[in-house]
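Chain by chain, the residues:
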Amino acid sequence: MASPRPRTYAEAREVSSSNSELGWWVFMRISGLLLVFLVFGHLWTNNIVIDPATIDYDYVASRLAQPGVRIYDTFLLFFAMLHGVNGLRYSIEDYTKRPGRRFWYKILLYTVSAIIFVLGTMTLWAFTYQEMGDAVRAIGATQ
Amino acid sequence: MYRGREGQWAFLLHRVSGVAIALFLLLHVLDISLVMFGPDGPFDAFLAFYHNWPFRIGLLMVIAGVVYHALNGLRIILMDFTTWGVRYQRQLWYGVLGLTTAIGVPVLWIVVPQIVGGI
């Protein structure tokens, strides 16, 4: 790295190339703190309390039928995706030297992440499971 | 190679675990989204792949990465927002490793028999 890592908000403000870069610096710390609790809770529920090898469609359907789980998972999805994709962006910027490649790697990252984020949000909110079954059967009937 | 001390390894482990977690996150959202195809869709078949022991061992490594990344992230927050964090960063890192082990061993105690029982 070209310069030592910023240690304080004032230092981060000095070395950041833009306001948005400073915003991400702050975001990584706030979202990171939130994610410690969100992710540990998620792992406790789905890996420790139950044997994850028993997870099947019925288990996921029964979990996502609960509004509390949907809201919890929405926060988890939102913060984990932003924190994770921004972290991947840091990695691309650190290890990809050629500007052209850097640009296209980031375009690829943002495109894939956006699609996956939309899919995840749809899974949580767009359908009830009855509607999903009906939709799938309707697709099956047209074929 | 740059011969840094603990701080360098703390950074490297944070970077490697972070990339692994982020890539698994993308895969995980995709696999859960398969429930949108309904009870007769591809979800259960896809999960059977997740339940294989090689994948579960890989997953265990990602979870270990999550524990390290979370605790080292707290160390970074302490370094950035306290007056004493940087001074004690080395001790904090050993604390991170110790806590990761302290959490990891009981988790292995629960999860390894599950994996062995499933083979």
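The coordinates are above.
Treat the numbers as computed from the prediction; the structure is a model and nothing was measured.

### Observations regarding helix 4 (residues 89–118) of chain B
Between the first and last C-alpha of helix 4 of chain B there are 41 Å, a value that for 30 residues agrees with the 44 Å anticipated at 1.5 Å per step. In the structure, helix 4 of chain B departs most strongly from a straight axis at L108 of chain B, where the bend amounts to approximately 30°. Here helix 4 of chain B has its buried residues at Q89, L92, W93, V96, T100, V111, Q114 and I115 of chain B. Looking at the packing, one finds that the buried side of helix 4 of chain B touches helix 2 (19–48) of chain A together with helix 1 (6–33) and helix 3 (53–81) of chain B.

### Observations regarding the packing of aromatic side chains
Counted by the stated rule, this structure contains twelve aromatic pairs over all chains. Ring centres of F75 of chain A and F79 of chain A lie 6.4 Å apart, and the angle between their planes is 10°; this geometry places the pair in the stacked category. A residue pair is termed a helical-turn pair when its members lie 3 or 4 positions apart in one helix, as F75 of chain A and F79 of chain A do in helix 4 (residues 67–95) at four residues. In this structure F75 of chain A comes out as partly exposed when scored by relative accessible area, which is 46%. On the basis of an interplanar angle of 15° and a centroid distance of 4.3 Å, the ring pair of Y50 of chain B and F55 of chain B is categorised as stacked. What makes Y50 of chain B buried here is its relative accessible area of 9%. Residue F55 of chain B is classed as buried on the basis of its relative accessible area of 18%.

### As for the interface of chain A and chain B
With 42 residues of chain A at the contact, the number on the chain B side is 38 residues. Here chain A is connected to chain B by three salt bridges. Residue D80 of chain B pairs with R29 of chain A through a salt bridge whose shortest N-O separation is 2.6 Å. Our count for the chain A to chain B interface comes out at eight residue pairs in polar contact (both at pLDDT 80 or more). Mapped onto the side of chain A that touches chain B, the elements with two or more residues apiece are helix 2, helix 3 (57–64), helix 4, helix 5 (99–126) and helix 6 (129–142) of chain A.

The rules we used
- Residues numbered from 1 in each chain as written.
- Chains lettered and ligands numbered in written order.
- Predicted model: local features only at pLDDT ≥ 70, side-chain atom pairs only at ≥ 80, totals over all residues.
- Heavy atoms only, no water.
- Helix = DSSP H or I, 4+ residues; strand = E, 2+ residues; numbered from the N terminus.
- Expected span 1.5 Å × (residues − 1).
- Bend = angle between axes of the 7 residues up to and from the residue.
- Buried < 20%, exposed > 50% of the residue type's maximum accessible area, 1.4 Å probe, protein only.
- Contact = heavy atoms within 4.5 Å.
- Phe/Tyr/Trp six-rings, centres within 6.5 Å; stacked < 30°, edge-to-face > 60°.
- Salt bridge = Lys/Arg side-chain N within 4 Å of Asp/Glu carboxyl O.
- Polar contact = N/O pair within 3.5 Å; in protein donor to acceptor, adjacent residues only side chain to side chain.

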